[in-house]
Amino acid sequence: MTRVYDLAHGRAGDKGDISNISVIAWDDESWQRLRSELTTERVRAAFSHIVTGPIERYELPNLQALNFVMHGALAGGVTRSLAQDAHGKSLSALMMTIELP
């Protein structure tokens, strides 16, 4: 079994009720696999208990990275949510645990 963290590292940010998670491949082979297998559907399944809005995926080939923008991911926004650190590193860590075929 391969998980995203075997192929990449991640960075996360947030603004309002939007979480932005980048997945940056370790090498060319990992980049090609992530491009084909880390789909918005797979991300949606992993984040279905959190994200209420659309998920957009952007490819950044020069950086060998994918950027996922998840709307409705922060229970109204970081400053409005009662969840403890349900943003940033914790969401990035969840992205890294997604299993790939």
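Everything below is about the structure shown above.
This section reports on the structure supplied with the text. What you are looking at is a predicted structure, and each value in this text was computed from that prediction instead of being measured.

Thresholds, definitions, all that
- Residues numbered from 1 in each chain as written.
- Predicted model: local features only at pLDDT ≥ 70, side-chain atom pairs only at ≥ 80, totals over all residues.
- Heavy atoms only, no water.
- Pairing = 2+ DSSP bridges.
- Helix = DSSP H or I, 4+ residues; strand = E, 2+ residues; numbered from the N terminus.
- Axes fitted to C-alpha atoms, helices over the stretch in contact; angles between N-to-C directions.
- Core = buried A, V, L, I, M, F, W, Y, C linked by side-chain atoms within 4.5 Å.
- Buried < 20%, exposed > 50% of the residue type's maximum accessible area, 1.4 Å probe, protein only.
- Contact = heavy atoms within 4.5 Å.

A word on the sheet that holds strand β3 (residues 18-25). The antiparallel open sheet is built from four strands, whose spatial order is β2-β3-β5-β4. Of all strands in the sheet, those with a lone pairing partner are β2 (8-15) and β4 (55-60), marking the two edges. Averaged over all neighbouring strand pairs, the angle between strand axes comes to 15°, with direction disregarded. In the sheet, β4 pairs with strand β5 (residues 65-71) via six bridges, with the strands oriented antiparallel. For Glu56, the partnering residue across the bridge sits in β5 and is Val69.

Another point: the nonpolar core. Across soluble globular proteins, you tend to see nonpolar side chains buried next to one another. The biggest cluster of nonpolar side chains holds 23 residues, and the ones touching the most others in it are Val4, Val23, Leu34, Leu38, Val43, Phe47 and Met95. Sorting the residues of this core by element identifies α1 (4-7), β3, α2 (28-37), α3 (40-47), β5 and α4 (89-96) as the ones contributing at least two each. Among all residues touching Val23, those that are not within four sequence positions of it are Val4, Ala8, His9, Leu34, Leu38, Gln64, Ala65, Leu66, Phe68, Met95 and Met96.

Read these as spatial facts, not as claims about activity.
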